[in-house]
Amino acid sequence: RSCMSSDLVATNLTGRFDPGAELNEAEESQASIDLRIQKRNGKKSITIIQGVKQDDTQKILKYLRKHLNCNGSIQETTEFGQCITLQGDHREAVKECLVTKGKIKPSKIKVHGY
């Protein structure tokens, strides 16, 4: 008596091992990144980046601050969780940076606001 079913043996023998399958599943399960703008007083505004992995927030913040020449911080909010805030309206520039340097698909980035 065999401890394996014939279905399992058939799929293991005929199916091929795909090492990139786990990476593709991880990319698909990745939540989307939201870019929002919040108005302050007058012409001032804040760009809020939400949905970035907690491991990468410090690296992304440091890169964006240098690349965009603005100040920013990491804030923990009850509504959005951990967010990156940047001074000024940098939504399109942040999207461009995340796509080129962050290797994130443009379809995973949502830009909100006017």
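The present account deals with the structure reproduced in this document. Computed from a predicted model, the values in this text were never measured in an experiment.

What follows is about the pairing of strand 1 (residues 33-39). As defined by bridge partners, strand 1 adjoins strand 5 (residues 109-111) across 3 bridges and the pair is classed as parallel. The residue of strand 5 that forms the bridge with Asp34 is Lys110. Pairing between strand 1 and strand 2 (residues 45-50): 6 bridges, direction antiparallel. The partner of Arg36 across the bridge, within strand 2, is Ile48. Counting the residues in the hairpin turn of strand 1 and strand 2 gives 5 residues, including Gly42, whose phi is positive at 65 degrees.

The residue Asn69 is not glycine, and still its phi comes out positive at about 55 degrees. Inspection of the secondary structure assignment puts Asn69 in the loop between helix 3 (57-68) and strand 3 (72-77). Looking at Asn69, the relative accessible area reads 69%, which means it is exposed.

Let us look at the sheet that holds strand 1. Taken in spatial order, the 5 strands line up as 3-4-2-1-5 in an open sheet, and their pairing is mixed. In this open sheet, the two edge strands, each paired with only one partner strand, are strand 3 and strand 5. Pairwise comparison of adjacent strand axes, ignoring direction, gives a mean angle of 25 degrees for this sheet. Two strands pair when backbone bridges link them, and strand 3 and strand 4 (residues 81-87) are joined in this way by 6 bridges, in the antiparallel orientation. Looking at the pairing, Gln75 lines up with Cys83 of strand 4. The strands touched by helix 3 within the sheet are strand 2, strand 3 and strand 4, with strand 4 carrying the most contacts at an inclination of about 10 degrees.

Criteria and cut-off values
Residues numbered from 1 in each chain as written. Predicted model: local features only at pLDDT ≥ 70, side-chain atom pairs only at ≥ 80, totals over all residues. Heavy atoms only, no water. Pairing = 2+ DSSP bridges. Helix = DSSP H or I, 4+ residues; strand = E, 2+ residues; numbered from the N terminus. Buried < 20%, exposed > 50% of the residue type's maximum accessible area, 1.4 Å probe, protein only. Axes fitted to C-alpha atoms, helices over the stretch in contact; angles between N-to-C directions. Contact = heavy atoms within 4.5 Å.

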